[in-house]
Amino acid sequence: MADDGLKCVFKGQTFEAEIVRSRLEDSGIPAMIQNNSLSAVFSSYTYTAGDVTVMVNASDETAARALLADRSDTRPNVMRTFTKVQDLGDMDLALREAFEIKKERFKFSELGKNRTLLMVFFNSSLRTRLSTQKAAMNLGMNVIVLDVNQGAWKLETERGVVMDGDKSEHLLEAIPVMGCYCDVIGVRSFAHLTDKAEDYEERILNQFIKYSGKPVFSMEAATGHPLQSFADWITIEEHKTVKRPKVVMSWAPHPKSLPQAVPNSFAQWMTYVGYDVVITHPEGYELEPEFTKGARIEYDQMKAFEGADFVYAKNWSAASAEHYGQILSIDRSWTVGERQMSVTDNAYFMHCLPVRRNMIVTDDVIEGPRSLVIPEAANREISATVVLKRILEGLSD
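Residues numbered from 1 in each chain as written. Predicted model: local features only at pLDDT ≥ 70, side-chain atom pairs only at ≥ 80, totals over all residues. Heavy atoms only, no water.

### A word on the sheet that holds strand S2 (residues 31–34)
Then step 1. With respect to topology, three strands assemble into an open sheet ordered S1-S3-S2, the strand pairing being antiparallel. Of all the strands in the sheet, the pair left with one neighbour each is strand S1 (6–12) and S2. Between one strand and the next, the sheet's axes are offset by a mean angle of 30°, whatever the strand orientation.
Then step 2. Taken together, the six bridges between S1 and strand S3 (residues 52–57) define a ladder with antiparallel strand orientation. Within S3, the position partnered with Phe-10 by the bridge is Val-54. (Pairing = 2+ DSSP bridges. Helix = DSSP H or I, 4+ residues; strand = E, 2+ residues; numbered from the N terminus. Axes fitted to C-alpha atoms, helices over the stretch in contact; angles between N-to-C directions.)

The following block contains the structure:
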């Protein structure tokens, strides 16, 4: 940049400043970012807390201000729904935003003032309930929690049904009523594992999106758990020592039939961000290709673990139409223990929790120094805060 005096044309968060700088430079206006101490910020992975400024040459100030008069694309991605990785938009910006929020969790506490989050639970929760409620509180929101199966009318979800049974209210009336009392809705609704087509249509989640009139985000649905996978990604980024780590997701035995939501999302997110992803499971547990595209499938667990940097253990039931929702194996040799971890590159162990000890993973591994299950759970607050912040920013437009 020419040394004819620098002028500030933008002040804000680092991730916003990166967008502004890119926009200016794409228009032929040289620009630089400075932090509060006036030292230049050049790396896209510099997580600067607090306000930073975008500086241009004095001779370019008028043109820069005119270009930035419309701020519509200088702000981070805002969203109306959050159900999949693509909803985050620019992943580098999302990651920077997550780290900035982690440094100063209450910085945006005014953003949610006089706004209400409704959390609707069709299924049980511990981490999702606590972390999402905490995230909303970080942003200054009011929170309403509805447990559909405790204290609410039994809800019918099928259209065209003659309601002469024990269900007193239809979801198609209940949803718009819920929307009257809030600004944002989070929905948690698991797969039933009896009808694959119905589960993979995400009927309940999509009805909320269609009929509530409010922004909706998934707190785990039939086929995905994006808040969990976002937190998993943040955790790996905090602990990785190579640019493209080898991440192995391993099936492990469980006494109950579990949905594919978490493994679907984990596979989708980790391949999307460009990691070296290997999925290992017994034959018959193949996930849908739309989620595993870009990953390698390995039926030999020990071979899959070789050289791994991160190991993510999870059970899921069969996803094929023929055996949908079934348990095809309870082979305890797939339980992640020291035998498997010994062939990794001193890998970190991850699991979304809750976990069945000595079914999914041995005590020694989950309690060991390379276990990330607690930091991973803690990052659920961060992923939820980023998502809610972006939704609120859309409401403030």
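### Quick notes on the nonpolar core
As a rule of thumb, nonpolar side chains are buried together in soluble globular proteins.
Then step 1. Counting residues in hydrophobic clusters, the biggest one holds 55 residues, and the most contacted among them are Phe-217, Phe-230, Trp-269 and Leu-388.
Then step 2. By residue number, the principal contributor to this core is helix H14 (residues 373–395), which donates seven residues.
Then step 3. For Leu-388, the residues in contact, after removing those within four places along its chain, are Leu-117, Thr-132, Ala-135, Ala-136, Leu-139, Met-141, Val-184 and Phe-217.
Then step 4. By size, the runner-up hydrophobic cluster in this structure holds 20 residues, among which are Ala-304, Ala-308, Val-311 and Ile-360. (Core = buried A, V, L, I, M, F, W, Y, C linked by side-chain atoms within 4.5 Å. Buried < 20%, exposed > 50% of the residue type's maximum accessible area, 1.4 Å probe, protein only. Contact = heavy atoms within 4.5 Å.)

### Describing empty space enclosed by the protein
Then step 1. Scanning all chains against the criterion turns up two cavities of 30 Å³ or more.
Then step 2. In this model, the largest cavity occupies a volume close to 140 Å³.
Then step 3. In terms of lining, the largest cavity is formed by 16 residues, of which the most central are Ser-189, Phe-190, His-192, Arg-203 and Ile-204.
Then step 4. Put simply, the parts of the chain that give the lining of the largest cavity at least two residues each are helix H6 (196–200) and helix H7 (203–211).
Then step 5. Top element by residues in the lining of the largest cavity is H7. It accounts for three residues.
Then step 6. Of the residues that constitute the lining of the largest cavity, the class distribution is seven nonpolar, three polar and six charged. (1 Å grid on protein atoms, 1.4 Å probe; cavity = no way out; pocket = protein on both sides within 12 Å on 5 of 7 lines; lining within 4 Å. Points joined across faces, edges and corners; volume = space filled by probe spheres on them. Nonpolar A, V, L, I, M, F, W, Y, C, P; charged D, E, K, R; others polar.)

### Considerations on the side chain of Thr-280
Then step 1. Along the polypeptide, Thr-280 turns up in strand S12 (residues 276–280).
Then step 2. Owing to a relative accessible area of 0%, Thr-280 belongs among the buried residues under this scheme.
Then step 3. With sequence-adjacent residues up to four places away left out, Thr-280 is seen in contact with Val-248, Met-249, Ser-250, Trp-251, Glu-298, Tyr-299, Asp-300, Gln-301, Ala-304, Phe-305, Trp-316 and Trp-334.

### Some thoughts on the packing of helix H8 (residues 226–239) against helix H9 (residues 261–272)
Then step 1. Closest axis-to-axis distance for the H8/H9 pair is 9 Å, and the angle between their directions is 45°. Considering their axes alone, H8 and H9 lie oblique with respect to each other. Crossing of H8 over H9 shows right-handed handedness. From H8, Pro-226, Ser-229, Phe-230, Asp-232, Trp-233 and Ile-236 reach across to H9, where they touch Ser-265, Phe-266, Trp-269 and Met-270.
Then step 2. Residues that form the contact of H8 with H9 fall into these classes: seven nonpolar, two polar and one charged. (Parallel < 35°, antiparallel > 145°, perpendicular 65-115°, else oblique. Left-handed = near helix turned anticlockwise from the far one by under 90°.)

### Topic: the layout of surface pockets
Then step 1. Estimates place the volume of the largest pocket at around 640 Å³.
Then step 2. Arg-188, Phe-190, Leu-258, Leu-353 and Pro-354 are the residues nearest the centre of the largest pocket, which is lined by 31 residues in total.
Then step 3. Among the secondary structure elements, those contributing two or more residues to the lining of the largest pocket are helix H4 (127–138) and H9.
Then step 4. It is H9 that provides the largest number of residues to the lining of the largest pocket, a total of three residues.
Then step 5. When its residues are assigned to classes, the lining of the largest pocket shows 14 nonpolar, 10 polar and seven charged.
Then step 6. Looking at the second largest pocket, its volume works out to about 360 Å³.
Then step 7. Together, 16 residues line the second largest pocket, and Phe-122, Val-148, Asn-149, Leu-155 and His-192 are the ones closest to its centre.

### Considering the packing of H4 against H14
Then step 1. Where H4 meets H14, the closest approach of the two axes is 8 Å, and the angle between their N-to-C directions is 50°. It follows from the interaxial angle that H4 and H14 lie oblique. Crossing of H4 over H14 shows right-handed handedness. Along the contact surface, H4 presents Arg-127, Thr-128, Ser-131, Thr-132, Lys-134, Ala-135, Ala-136 and Asn-138, while H14 presents Ala-377, Arg-380, Glu-381, Ala-384, Thr-385 and Leu-388.
Then step 2. Class assignment of the residues belonging to the contact of H4 with H14 gives a composition of five nonpolar, five polar and four charged.

### Comments concerning the sheet that holds strand S5 (residues 116–121)
Then step 1. Spatially, the five strands line up as an open sheet ordered S4-S10-S9-S5-S6, and their pairing is parallel. The open sheet has two edge strands, strand S4 (81–82) and strand S6 (142–147), and neither has a second partner.
Then step 2. Inspection of the sheet shows S5 paired to strand S9 (residues 184–188) by five bridges, in the parallel sense. Pairing of Leu-117 across the sheet is with Val-184, part of S9.

### Quick notes on H4
Then step 1. For H4, which comprises 12 residues, the first-to-last C-alpha distance of 16 Å matches the rise-based estimate of 16 Å (1.5 Å per residue) to within 8%.
Then step 2. Of the positions making up H4, those classed as buried are Arg-127, Thr-128, Ser-131, Thr-132, Ala-135, Ala-136 and Asn-138. Axial view of H4: buried residues confined to an arc of 155°, hence all on one face. Facing away from the buried surface of H4 by more than 90 degrees, the exposed residues are Leu-130 and Met-137.
Then step 3. Lining the buried residues of H4 we find S5, S6, S9, strand S10 (216–218), H8 and H14.
Then step 4. The positive-phi residue at the C-terminal boundary of H4 is Gly-140, with phi of around 80°. (Expected span 1.5 Å × (residues − 1). Arc of directions from axis to C-beta.)

In short, shape yes, function no, at least from these values alone.
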